[in-house]
Amino acid sequence: MTTMIRHTEEIEGLREYLMRRWITWGILPMCICGIVAIAALMWGPPGIIEGKQQTRLAFEIVLGAGAAVFLAGFYIDGHWTSADRLGKRIFTAAGGEPDDESPRDWAKYRSHRSALRSNAHIALDSIRASADAITLMGTAIGPVAIVTVLVGLPGEHVAQMLLLGLFYQLFVYSRHPYYIRLAEAALSGELLPREDEKETDEEQ
């Protein structure tokens with residue numbers, strides 16, 4: 001019962017942490033940048049970009065910068081919160097052999113399962129670190145939208161950059177259910193490395 005209560009508290013704490021970080025580090029800065037960009041668009045001085053060719057080239061540059069943030073966020077989150085990677089780290093920390101071909105058999109023992117649960121913090125720490133990193137990275141798209149205004153690009157390009165920033169933050173939010181499932185598996189002692197595909201096929 002105590003383990004289940006602690007499990008529930010950990011999950012609720014993680015859920016609140018993710019939501020608080022997303023709002024304060026992601027949505028709020030994005031809204032502020034959006035307000036500044038719109039104000040600069042309406043009342044700011046004319047930019048330095050003139051002509052269709054320069055406009056197109058400048059927009060490709062700022063769009064490329066925003067897209068680079070998006071792709072970097074995908075990569076970092078996919079690497080840091082990979083279930084297989086975290087499963088291997090927890091399995092090894094719990095005393096399992098790195099080259100064990102059947103982690104599920106090893107985890108059948110009560111003491112081993114308890115060791116896996118005791119090392120669940122590895123997954124939770126990685127989830128928090130990844131969520132923080134990709135949320136902060138997303139705030140870079142807001143200043144890029146402001147730069148879009150300052151160089152003299154038209155309003156539709158500014159709107160596209162702000163939408164890119166919004167979609168990025170929605171991507172971050174969409175990862176929260178996965179984080180929770182990953183944390184629940186770790187806290188239950190069920191987050192294990194992926195077993196050898198050949199051996200799994202033979203068992204089936």
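Just so we're clear, the structure is a prediction, and the values are computed from it rather than from any experiment.

(A) The packing of helix α2 (residues 52-80) against helix α6 (residues 121-138), seen in detail. Look at α2 against α6: their axes get within 9 Å of each other, and the N-to-C directions meet at 180°. Relative to α6, the element α2 is oriented roughly antiparallel. On α6, the residues touching V69, A72, G73, I76, D77 and W80 of α2 are S126, A129, S130, A133, I134, M137 and G138. Residues of the contact of α2 with α6, tallied by class, amount to eight nonpolar, four polar and one charged.

(B) Quick look at the nonpolar core. By size, the foremost hydrophobic cluster in this structure holds 51 residues, and its most contacted members are L18, I90, L116, I127, M161, Y168 and L191. For this core, the secondary-structure elements that each account for two or more residues are α1 (2-43), α2, α3 (83-93), α5 (110-118), α6, α7 (141-150), α8 (155-174) and α9 (176-187). A total of nine residues in this core trace back to one element, the largest contributor, which is α1. Not counting residues up to four positions away in its chain, the partners in contact with I127 are L14, L18, T81, Y179, L182 and A183.

(C) Structural view of the state of the cysteines. In total, this model carries zero disulfides according to the counting rule given. The thiol of C33 is unpaired, and the distance to the nearest cysteine sulfur, on C31, comes to 9.5 Å. Classification of C33 by relative accessible area gives buried; the value is 12%.

(D) Quick peek at α3. Buried within α3 are the following residues: D84, L86, G87, I90 and F91. Along α3, the residues classed as buried sweep out an arc of 160° about the axis, all on the same side. Next to the buried residues of α3 lie α2, α4 (103-106), α5, α6 and α9.

(E) Region of the structure containing the environment of P193. Here P193 is to be found in the loop between α9 and α10 (197-203). Since its relative accessible area comes to 11%, P193 is described here as buried. Separated by 92 residues in sequence, P193 and E101 place their C-alpha atoms 9.4 Å apart. Contacts of P193, omitting those with residues within four sequence positions, involve D84, G87, K88, F91 and P103.

(F) Structural detail: the layout of surface pockets. Its volume calculated, the largest pocket comes out at about 150 Å³. In this structure, the largest pocket is lined by 13 residues; those nearest its centre are K88, P98, D100, P193 and R194. Per-element tally for the lining of the largest pocket: the top contributor is α3, with three residues. For the lining of the largest pocket, the residue count by class is four nonpolar, one polar and eight charged.

(G) Seen up close, the confidence of the model for the protein chain. In the predicted model, the protein chain carries a mean pLDDT of 86, and 92% of its residues have values of at least 70. Counting interchain partners and residues more than four positions distant, the pLDDT-below-50 stretch residues 198-204 has six contacts.

Calculation rules
Residues numbered from 1 in each chain as written. Predicted model: local features only at pLDDT ≥ 70, side-chain atom pairs only at ≥ 80, totals over all residues. Heavy atoms only, no water. Axes fitted to C-alpha atoms, helices over the stretch in contact; angles between N-to-C directions. Helix = DSSP H or I, 4+ residues; strand = E, 2+ residues; numbered from the N terminus. Parallel < 35°, antiparallel > 145°, perpendicular 65-115°, else oblique. Contact = heavy atoms within 4.5 Å. Nonpolar A, V, L, I, M, F, W, Y, C, P; charged D, E, K, R; others polar. Core = buried A, V, L, I, M, F, W, Y, C linked by side-chain atoms within 4.5 Å. Buried < 20%, exposed > 50% of the residue type's maximum accessible area, 1.4 Å probe, protein only. Disulfide = S-S within 2.5 Å. Arc of directions from axis to C-beta. 1 Å grid on protein atoms, 1.4 Å probe; cavity = no way out; pocket = protein on both sides within 12 Å on 5 of 7 lines; lining within 4 Å. Points joined across faces, edges and corners; volume = space filled by probe spheres on them. pLDDT = per-residue confidence, 0-100.

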